[in-house]
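Geometric and topological summary
Single-letter residue listing:
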Amino acid sequence: RIRAVLQQVKQALKVAIRRRKLDPITLFSRLDADHDGALTYTEMQRLFDNMSLGFSAGDVSDIVRFADGDSDGRVSFEDFLSVFDLSLDMMPSHD
């Protein structure tokens, strides 16, 4: 089940990033409220809420657990890029 939800999240996140003309660095920085270099469950929930991605709190919890490479309850920038198949070259186009 988590893989199916994750696939949906990846697609929704990529569309939202394109529509809002964001890059992964800017998005991560905006979400990282305490600027500690990692996203907590609350910060990830804010991502899903702000981008109106429509996933439940349980989905977010599952995704954070899946994305949390070192099991510290937080998603590092590297894990964020990796799990959501994002890359640094996803810079917004200005057309």
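Look above for the structure.
Figured I'd write up the structure that's included with this text.

Basis of the calculations
Residues numbered from 1 in each chain as written. Predicted model: local features only at pLDDT ≥ 70, side-chain atom pairs only at ≥ 80, totals over all residues. Heavy atoms only, no water. Helix = DSSP H or I, 4+ residues; strand = E, 2+ residues; numbered from the N terminus. Rg over C-alpha atoms; globule rule 2.2 N^0.38 Å. Buried < 20%, exposed > 50% of the residue type's maximum accessible area, 1.4 Å probe, protein only. Phe/Tyr/Trp six-rings, centres within 6.5 Å; stacked < 30°, edge-to-face > 60°. Polar contact = N/O pair within 3.5 Å; in protein donor to acceptor, adjacent residues only side chain to side chain. Lys, Arg positive; Asp, Glu negative; His and termini not counted. Salt bridge = Lys/Arg side-chain N within 4 Å of Asp/Glu carboxyl O. Contact = heavy atoms within 4.5 Å. Axes fitted to C-alpha atoms, helices over the stretch in contact; angles between N-to-C directions. Parallel < 35°, antiparallel > 145°, perpendicular 65-115°, else oblique. Left-handed = near helix turned anticlockwise from the far one by under 90°. Nonpolar A, V, L, I, M, F, W, Y, C, P; charged D, E, K, R; others polar.

1. A word on the overall build of the protein
Within the protein one finds 5 helices and 2 strands. For the protein, the N- to C-terminal ordering of α and β elements is α-α-β-α-α-β-α. Relative to the 2.2 N^0.38 estimate, which gives 12 Å for 95 residues, the radius of gyration of the protein is 12 Å and therefore close to what a compact globule would have. Referenced to the eigenvectors of the C-alpha coordinate spread, the extents of the protein come out at roughly 40 × 30 × 20 Å. Buried residues in the protein amount to 42% of all 95 residues.

2. Focus on the packing of aromatic side chains
As enumerated under the stated definition, the model contains 3 aromatic pairs in all. Consider the rings of F28 and F77, whose centres lie 5.1 Å apart with planes at 75°: the pair is edge-to-face. Taken together, the positions of F28 in helix α2 (residues 24–31) and F77 in helix α5 (residues 77–83) put the pair 49 residues apart, joining distant regions of the chain. The burial state of F28 is the same as that of F77; both residues are buried. A connected cluster of aromatic rings, assembled from ring pairs, spans F28, F77, F80 and F84.

3. Focus: the side chain of D62
Summarising the element assignment, D62 is placed in helix α4 (residues 57–67). Within the structure, the side chain of D62 is placed 2.5 Å from the side chain of R65, a separation counted as a polar contact.

4. So, the side chain of D68
Along the chain, the position of D68 falls in the loop between α4 and β2 (75–76). No salt bridge is formed by the buried D68; the nearest opposite charge belongs to R74, separated by 7.0 Å. Ignoring anything within four residues of it in the chain, the contact list for D68 reads G73, R74, V75 and D79.

5. Remarks on the packing of helix α3 (residues 41–50) against α4
Interaxial distance between α3 and α4 falls to 10 Å at its minimum, and their mutual angle equals 125°. Taken together, the axes of α3 and α4 are oblique relative to one another. For the crossing formed where α3 meets α4, the hand is right-handed. Between α3 and α4, the residues in contact are Y41, M44, Q45 and F48 and A57, V60, S61, I63 and V64, respectively. Of the residues in the contact of α3 with α4, the class split is 7 nonpolar, 2 polar and no charged.

It is worth stressing that arrangement in space is one thing and function is another; only the former is reported here.
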